[in-house]
Structure formats: structure tokens, C-alpha cells
Amino acid sequence: MIASRASAVLLLATAVTACGLSDEPTGQSGGDGTIKVGSVSSLSGPVTFPDSSSAAKAVFDRVNKQGGINGRTIEFIRADDKGDPAAAAQAARDVVTNQAVVALVGSASLLDCAVNAPFYQQTGIVAIQGTGVDPTCFESPAISPVNTGPYLNTAINLYYASEVLKHAKVCSFLAILGNTNDAYGGAIQSWTKLTGKQLVVDDRTVKPDSDPTPFVLRARKEGCQAVLYNGTEPMAIAWMKVVKQQDVTGIDWLMTTAPYTEAVAKALGSDGDGAYANAEFEPFTDADSPALKDWRELMTSADVPLTSFGQGGYLAATYFVDTLKSIQGPITRESVAKAFKSLKPIQTGMTGTPYEFGAAARHLSNRAGKIVQLRGGTWHVVTPDWVRYPGTLG
């Protein structure tokens with residue numbers, strides 16, 4: 001397994017007890033007027049992921065303007081879990097039971113999967129996650145994220161640092177949020193098993209509001225040649241600003257997907273020179289990529305930031321719409337679940353491997369990334385070909 005189930009079960013039990021959700025879920029979707037679709041995302045709280053559901057909404061709005069699905073419009077209901085287990089349980093119960101959605105699409109949350117995966121499986125609903133963050137997102141038969149996820153992303157970055165950049169002293173500074181510690185540990189163990197190498201520093205004490213200075217100075221003191229850091233956009237900006245202020249040189253800084261945004265590039269300018277990130281989808285830096293033409297135009301028209309999270313939400317909604325069009329007869333929770341459980345792999349130019357759902361007990365179909373690097377305030381693609389991690393997680 002990618003991570004231990006213990007934390008997820010504890011979170012679920014806490015949320016259910018707090019919200020009184022022990023009753024059996026009821027209700028079903030599929031009225032004549034609209035097709036109700038939901039999402040449970042961290043839209044407020046300590047760490048937010050709004051772009052994924054915003055991108056999904058842009059896809060659905062366009063479908064509705066074009067006449068909907070066989071004349072039926074899509075009603076997209078976005079619930080905020082606030083980064084809180086009790087709120088996540090309540091949000092899921094509302095959209096699934098009270099709102100009677102047929103599926104969950106474009107969700108991006110720190111803990112939705114850990115809290116709600118058993119509930120989703122119990123109610124027979126499928127979740128096409130726009131951005132899988134919590135490790136349980138990649139362990140449930142009811143959930144299939146479209147993205148690589150931070151744990152495989154971590155393994156790819158470590159592999160790139162040691163096997164491509166040929167660094168012997170690789171270090172890691174990770175912010176552990178929710179129940180992610182075991183999953184990050186599993187990614188590191190997988191890299192060690194694959195390469196036979198150990199991290200010089202494995203520091204998992206970084207907090208979202210931590211001053212990066214002591215961590216950056218420790219990296220220099222320990223002789224790190226490459227450092228993996230999993231901070232969000234503001235965390236990454238603060239980190240690289242400290243690197244510049246402290247005049248730390250001779251270290252390659254590798255980030256996971258979150259900082260790969262135009263906002264980070266603009267905020268850092270030349271202060272971010274040399275920093276790497278791992279793009280889970282076709283890098284949006286390539287303005288001429290035909291694979292990104294529709295996504296870029298739609299996100300721009302809908303005023304959705306051009307980010308990896310936005311790519312995930314767009315793909316989740318696109319896969320969902322295309323699958324709806326293949327359903328013969330009524331569109332209900334049962335017919336949607338049946339369609340995804342029998343879904344054939346979907347290949348797109350935006351990903352290195354096909355998207356899958358199917359009847360598997362766990363889902364991690366996006367298993368490739370591309371490495372990008374900041375130079376002069378602009379992200380540049382370093383690996384035109386997809387980097388596929390040769391090892392396994394769990």
C-alpha cells in the first residue's frame with residue numbers, strides 16, 4: 001500500500017462521530033433537467049487547491065453553453081472541506097446524499113480521500129480526482145486521480161537527482177500534512193531500493209509557516225548537492241528567496257508540482273534561477289504545444305490560472321464528459337459508475353501514460369512527468385520526453 005490505512009481510518013472515525021454520519025446514505029441523481037456533479041475540495045484552510053475545481057467548472061460551463069449532454073445541463077456543486085476532517089465528512093455527505101450527485105469530478109483536497117473513501121465506496125459513487133493529494137486517493141477502488149500525485153512525484157525527483165544529475169549527496173526537506181508521512185516515506189524507500197542510495201538528510205519537520213532559513217543553512221552545512229522540497233507556491237517562493245539571501249550555491253533545488261506556476265516564476269524572477277520542478281502534465285510553458293491548445297484557451301477565457309492543478313481539473317472534467325456521452329440510457333450514479341468501471345484507457349497528449357479507472361482496487365495511472373527549470377523568471381522544459389519512474393510504490 002502507498003500508506004498505512006491507520007491514519008485514514010482514524011480521521012474517518014473522528015469525522016463521522018463529530019458529524020453524526022453513521023446513518024446509511026440515501027438518494028440518487030438523474031432528474032430530467034440537470035445532471036448533478038459534485039466535488040469536495042480544500043477551498044479554504046491552511047492549504048488550498050481551488051484551481052482544479054475551477055477548471056472543471058470551466059469545462060462544464062462550456063458544455064452547457066453548447067447544449068449540455070443530450071439537452072441536459074450539468075449542475076456542478078463545489079463543496080469546501082476547509083482542510084478539516086469533520087467538514088470534509090459533512091461536505092461529502094451533503095453533495096453525495098442530499099444533493100444526489102452522479103459522480104465527483106475535479107476534487108482537490110488535503111484529506112477528502114482519507115476521510116471519505118469508504119463512504120464513496122459504500123454509496124457506489126466514483127470520484128475522478130482532479131488533484132490527488134492525500135495518499136488514500138491512490139488506494140481506493142472508488143477514486144482514480146488524473147495526476148501523478150506528490151509521492152510518485154517525489155520518487156521521480158529523487159531518481160532524477162541521483163541518476164540523471166548524478167548527485168551522490170541527495171537531501172530531502174518535506175512538509176508533512178495530514179496523513180502523508182508514510183506515503184512520503186514509502187516513496188523515499190522505493191528510491192533507496194531502486195538505486196541503493198540513502199538520503200544524506202531526511203527532514204520532515206517543515207511547516208507551511210516555517211522560516212526556511214534554518215533548513216536552507218542545514219542543507220549547505222550537510223554538503224547536500226541536490227535538495228528535494230515539497231512546498232506550495234508561497235512556501236517555494238520564500239524558500240528560494242532565502243537561498244538567494246544566504247548566497248547558498250552549488251545545490252540543485254528540486255520541487256514537486258505545486259510551485260510550477262507562472263505566479264511563482266514571476267515572483268522569483270532571477271532569484272529562482274536553477275530551481276527544478278516536476279510537471280505532472282504536459283508543461284504549460286510550451287505555449288505552442290498542440291496538446292495544450294484547448295486547455296490554454298478555455299482557462300484563459302474563464303480566468304482560471306494556468307497551473308498543473310488546473311490541468312488536472314480540466315482533464316477530470318473532460319474524461320467525465322466524454323464518458324457521459326458514451327452512456328446509453330439514463331445518466332444515473334449507477335450508469336456512470338458502470339461506465340467508469342468498464343472504461344478503456346484514455347490516452348491524451350497532456351499525460352505520459354493513459355488514464356484508467358476500471359475495477360482495480362487502487363488507481364495510479366499517471367506514472368510520468370517532465371522536468372522543468374526556472375531561468376530568468378521563466379520555466380523551461382529540461383526533459384522533452386516523459387520521465388517514467390522505473391520503480392514501484394508500495
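Remember, predicted model here, so these are calculated numbers, not experimental data.

A. Here's a closer look at the overall build of the protein chain. On a plain count of helices and strands, the protein chain comes out with 12 helices and 14 strands. In terms of C-alpha radius of gyration, the protein chain reaches 20 Å, essentially the compact-globule figure of 21 Å for 394 residues. Projected onto the principal axes, the alpha-carbon positions of the protein chain cover approximately 65 × 45 × 35 Å. The burial tally for the protein chain puts 59% of its 394 residues in the buried class. Put simply, 70% of the contacts in the protein chain that link residues at least 6 apart link residues at least 24 apart. Total accessible area computed for the protein chain in this model is approximately 15100 Å², and 51% of it derives from carbon and sulfur atoms.

B. How the structure looks around the pattern of salt bridges. With the rule as written, the count across this model stands at nine salt bridges. The closest approach of N and O atoms between Lys-57 and Asp-61, which form a salt bridge, is 2.7 Å. Pair noted here: Lys-57 and Asp-61 are both in helix α2 (residues 50-65), with a separation of four residues, about one helical turn. For Lys-57, a relative accessible area of 33% translates into the label partly exposed. Given the relative accessible area of 31%, Asp-61 is considered partly exposed. Residue Glu-222 pairs with Arg-218 through a salt bridge whose shortest N-O separation is 3.8 Å. Glu-222 gets classed as partly exposed once you look at its relative accessible area, which sits at 33%. Residues joined in a network through salt bridges with shared partners are Asp-203, Arg-218 and Glu-222.

C. Spotlight on the packing of aromatic side chains. Going through the model one piece at a time under the given rule, you end up with 19 aromatic pairs. On the basis of an interplanar angle of 65° and a centroid distance of 5.8 Å, the ring pair of Tyr-160 and Tyr-276 is categorised as edge-to-face. Here Tyr-160, found in helix α5 (residues 150-164), pairs with Tyr-276, found in strand β11 (residues 276-279); they are 116 residues apart in sequence, far enough to count as distant. Exposure class is identical for Tyr-160 and Tyr-276. Each is buried. Both rings, one in Tyr-229 and one in Trp-239, keep their centres 3.9 Å apart while their planes meet at 25°; by these two values the pair is stacked. Separated by 10 residues along the polypeptide, Tyr-229 in strand β9 (residues 226-229) and Trp-239 in helix α8 (residues 233-245) bring together distant segments of the chain. Across the pair, Trp-239 and Tyr-229 agree in class, each one buried. Connected via pairs of aromatic rings, a cluster forms that spans Phe-60, Phe-76, Phe-320, Phe-340 and Phe-357. Between the NZ or CZ atom of Lys-370 and the centre of the ring of Trp-386, over which it lies, the distance is 4.7 Å.

D. Molecular detail of helix α11 (residues 308-325). Between its terminal C-alpha atoms α11 stretches 26 Å, which fits the 26 Å expected from 18 residues at 1.5 Å a residue. Buried residues dominate α11, accounting for 16 of its 18 residues.

E. Inspection of helix α3 (residues 85-98) at higher detail. Between its first and last C-alpha atoms α3 spans 19 Å; for 14 residues at 1.5 Å apiece the expected length is 20 Å, and the two agree. Counted residue by residue, α3 has 10 buried out of 14 residues, so it is predominantly covered. Within the sequence span of α3, burial applies to Pro-85, Ala-87, Ala-88, Ala-89, Ala-91, Ala-92, Arg-93, Val-95, Val-96 and Thr-97. After α3 finishes, the residue Ala-100 shows a positive phi value of roughly 55°.

F. Up close: the packing of α2 against α11. Relative to each other, α2 and α11 sit at 40°, their axes nearing to 7 Å. The angle between α2 and α11 falls in the class oblique. Crossing geometry of α2 relative to α11 is assigned as right-handed. On α11, the residues touching Asp-51, Ser-52, Ala-55, Ala-56, Val-59, Phe-60, Arg-62 and Val-63 of α2 are Phe-309, Gly-310, Gly-312, Gly-313, Tyr-314, Ala-317, Thr-318, Phe-320 and Val-321.

G. Geometry of the pairing of strand β7 (residues 170-175). In terms of residue burial, β7 counts as a mostly covered element, since six of its six residues are buried. The alternating pattern of β7 places Val-170, Ser-172 and Leu-174 on one face and Cys-171, Phe-173 and Ala-175 on the opposite face, and all of these are buried. Here four bridges tie β7 to β9, and the two strands are oriented parallel to one another. Residue pairing in the sheet places Ser-172 in a bridge with Leu-228 of β9. Sheet analysis places β7 next to strand β8 (residues 201-206), joined by four bridges and oriented parallel. Bridge pairing links Ser-172 to Asp-202 in β8. Remark: the β7/helix α6 (residues 181-195)/β8 crossover connection has right-handed handedness.

Rules used in this analysis
Residues numbered from 1 in each chain as written. Predicted model: local features only at pLDDT ≥ 70, side-chain atom pairs only at ≥ 80, totals over all residues. Heavy atoms only, no water. Helix = DSSP H or I, 4+ residues; strand = E, 2+ residues; numbered from the N terminus. Rg over C-alpha atoms; globule rule 2.2 N^0.38 Å. Buried < 20%, exposed > 50% of the residue type's maximum accessible area, 1.4 Å probe, protein only. Contact = heavy atoms within 4.5 Å. Areas by Shrake-Rupley, 256 points an atom, 1.4 Å probe, with all protein chains shown as cover. Salt bridge = Lys/Arg side-chain N within 4 Å of Asp/Glu carboxyl O. Phe/Tyr/Trp six-rings, centres within 6.5 Å; stacked < 30°, edge-to-face > 60°. Lys NZ or Arg CZ within 6 Å of the ring centre and 35° of its normal. Expected span 1.5 Å × (residues − 1). Axes fitted to C-alpha atoms, helices over the stretch in contact; angles between N-to-C directions. Parallel < 35°, antiparallel > 145°, perpendicular 65-115°, else oblique. Left-handed = near helix turned anticlockwise from the far one by under 90°. Pairing = 2+ DSSP bridges. Right-handed = clockwise from strand over helix to strand, strands pointing away.

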